Structure formats: structure tokens, C-alpha cells
Amino acid sequence: GMRGAGAARLKADGRWEPMSTGEGRWANDVLTIGFDPSGDTWFGTAAGASRLDRDGTWTDFVDDRDAPGGVVMSMAFDQSGNHWFGTYTAGLSVLRADGSWQRWTSADGLPYDWVGYLAVDARERVWIVSGGSTSRLREPRSTVFSRCLQRAVNSLSGISPRSTAEISAFRW
């Protein structure tokens, strides 16, 4: 992703193919890109989240009440088919495998509405770095968050997790 310039993908012939709002897509500020277990490509943008299916179909997720609103800062995917999104001011949202959405904010116990980093560990626990605090969602359908020890916060603050693979090396 490129701030202000959309995103680009490397084609088989070695050339870069730009993708931007000029094609009717998301905002040109692409902040994060992720690949879910089924092989779809997800874009976190200044206007929400978009998915590019393996067959080339685009879907934007910006209108649903619980969809990630505004700036999507981070995303993570679990093996159960849930897609997690952290936002700049709208908390944490999940698109469940059944197509339903759920959102958590500071009113639900999330430490802050800013969610900069997300990770899902091997036991499918969702880890959240939010406003300098690290928390874990206790159960995927819960509204209960548990804050981690400061030692765990310090271990995460020195890295910039770009995928669940980087976090999975840590033992919790």
C-alpha cells in the first residue's frame, strides 16, 4: 500500500500494476494489506476495508453499522474464518465467517478506540495493541478484555507486527 497513491501489485511479467480510487475503489490511502487463509487480499484504507477475491471481484466494507468505519490501521485473520480489523477511532471490528459483524469500542471495555496492531495466536486468541496498552479478547464473542502485564506490553512495543506470523513466535 502507498499513502495517497493506492496500492500496486507485481504482475507475472515483472511490471507493477497500480490500483487506485480511479478504478472506483477505496481511498488512495492504503495503510495495511493482508491475505486471509482462503487467499483473498484485504486492504485497510482511510475509508474502511476492501477485499479483492481470488476471482478478481472487489467488495467494500464501509456501510454496515459494525463494519470497520473510517481508517483501518490493522487486520488479522483466524483459522475459523473470522476477519479482524483495528481502526484509528472506531475500535475493533470482526467480520465473522457467517457474514455477521461485531464491533467493540472503549464503551465495551477496549482500553482505547485506537487499535494499531492486531494478532491472532495459534489458540485463536485475539491480541490488541491499543493506545499503548496490550489486551487480549478473552473469548471471540465476548465483550471482556484482559490487559496484559507491562512486561508483555514492552515486548510488543519494540516491534511492528505486520502479520500473525511475527507474533506467533512469542509464547503467551
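As the structure is a computational prediction, the values presented were derived from the model and not from experiment.

So, how was this worked out
Residues numbered from 1 in each chain as written. Predicted model: local features only at pLDDT ≥ 70, side-chain atom pairs only at ≥ 80, totals over all residues. Heavy atoms only, no water. Helix = DSSP H or I, 4+ residues; strand = E, 2+ residues; numbered from the N terminus. Buried < 20%, exposed > 50% of the residue type's maximum accessible area, 1.4 Å probe, protein only. Contact = heavy atoms within 4.5 Å. Areas by Shrake-Rupley, 256 points an atom, 1.4 Å probe, with all protein chains shown as cover. Core = buried A, V, L, I, M, F, W, Y, C linked by side-chain atoms within 4.5 Å. Pairing = 2+ DSSP bridges. Axes fitted to C-alpha atoms, helices over the stretch in contact; angles between N-to-C directions. Salt bridge = Lys/Arg side-chain N within 4 Å of Asp/Glu carboxyl O. pLDDT = per-residue confidence, 0-100.

1. Section: the overall build of the chain
Move 1: Of regular secondary structure, the chain possesses two helices and 14 strands.
Move 2: Out of the 172 residues belonging to the chain, those deemed buried represent 43%.
Move 3: In the chain, the proportion of contacts linking residues at least 24 apart, taken out of those at least 6 apart, comes to 37%.
Move 4: As displayed, the chain offers around 8,900 Å² of accessible surface, 48% of which is attributable to carbon and sulfur atoms.

2. Notes on the nonpolar core
Move 1: Residues A76, W84, L92, V94, W104, L110, V115, L118, V120, V126, I128 and L137 constitute the largest nonpolar core, which totals twelve residues.
Move 2: Elements represented by at least two residues in this core include exactly strand 9 (92-95), strand 11 (117-120) and strand 12 (126-130).

3. With respect to the sheet that holds strand 3 (residues 30-35)
Across a sheet, paired strands are connected by hydrogen bonds in the backbone, their directions being either parallel or antiparallel.
Move 1: If you walk across this open sheet you meet the four strands as 3-4-5-6, and the pairing is antiparallel. Each edge of the sheet is formed by a strand with only one pairing partner; in this case those strands are strand 3 and strand 6 (58-61). On average, adjacent strands in this sheet sit at an angle of 20 degrees to one another, irrespective of strand direction.
Move 2: Bridging between strand 5 (residues 48-52) and strand 6 involves four bridges; their strand directions are antiparallel. Its bridge partner lying in strand 6, R51 is registered against T59.

4. So, the pairing of strand 3
Move 1: As paired elements, strand 3 and strand 4 (residues 41-45) share five bridges and run antiparallel to each other. Bridge pairing in strand 4 places G34 opposite W42.
Move 2: Remark: five residues form the turn of the hairpin made by strand 3 and strand 4, two consecutive strands paired antiparallel; G39 in that turn has positive phi of roughly 100 degrees.

5. Notes on the pattern of salt bridges
Move 1: With the rule as written, the count across this model stands at four salt bridges.
Move 2: The salt bridge involving D121 is made with R125; its shortest N-O contact spans 2.7 Å. In this structure, D121 and R125 share a single accessibility class: buried.

6. Section: the confidence of the model for the chain
Move 1: This prediction gives the chain a mean pLDDT of 75; 70% of its residues lie at or above 70.
Move 2: A low-confidence stretch, residues 149-172 stays under pLDDT 50, and its non-local contacts, those more than four residues away or across chains, total 25 contacts.

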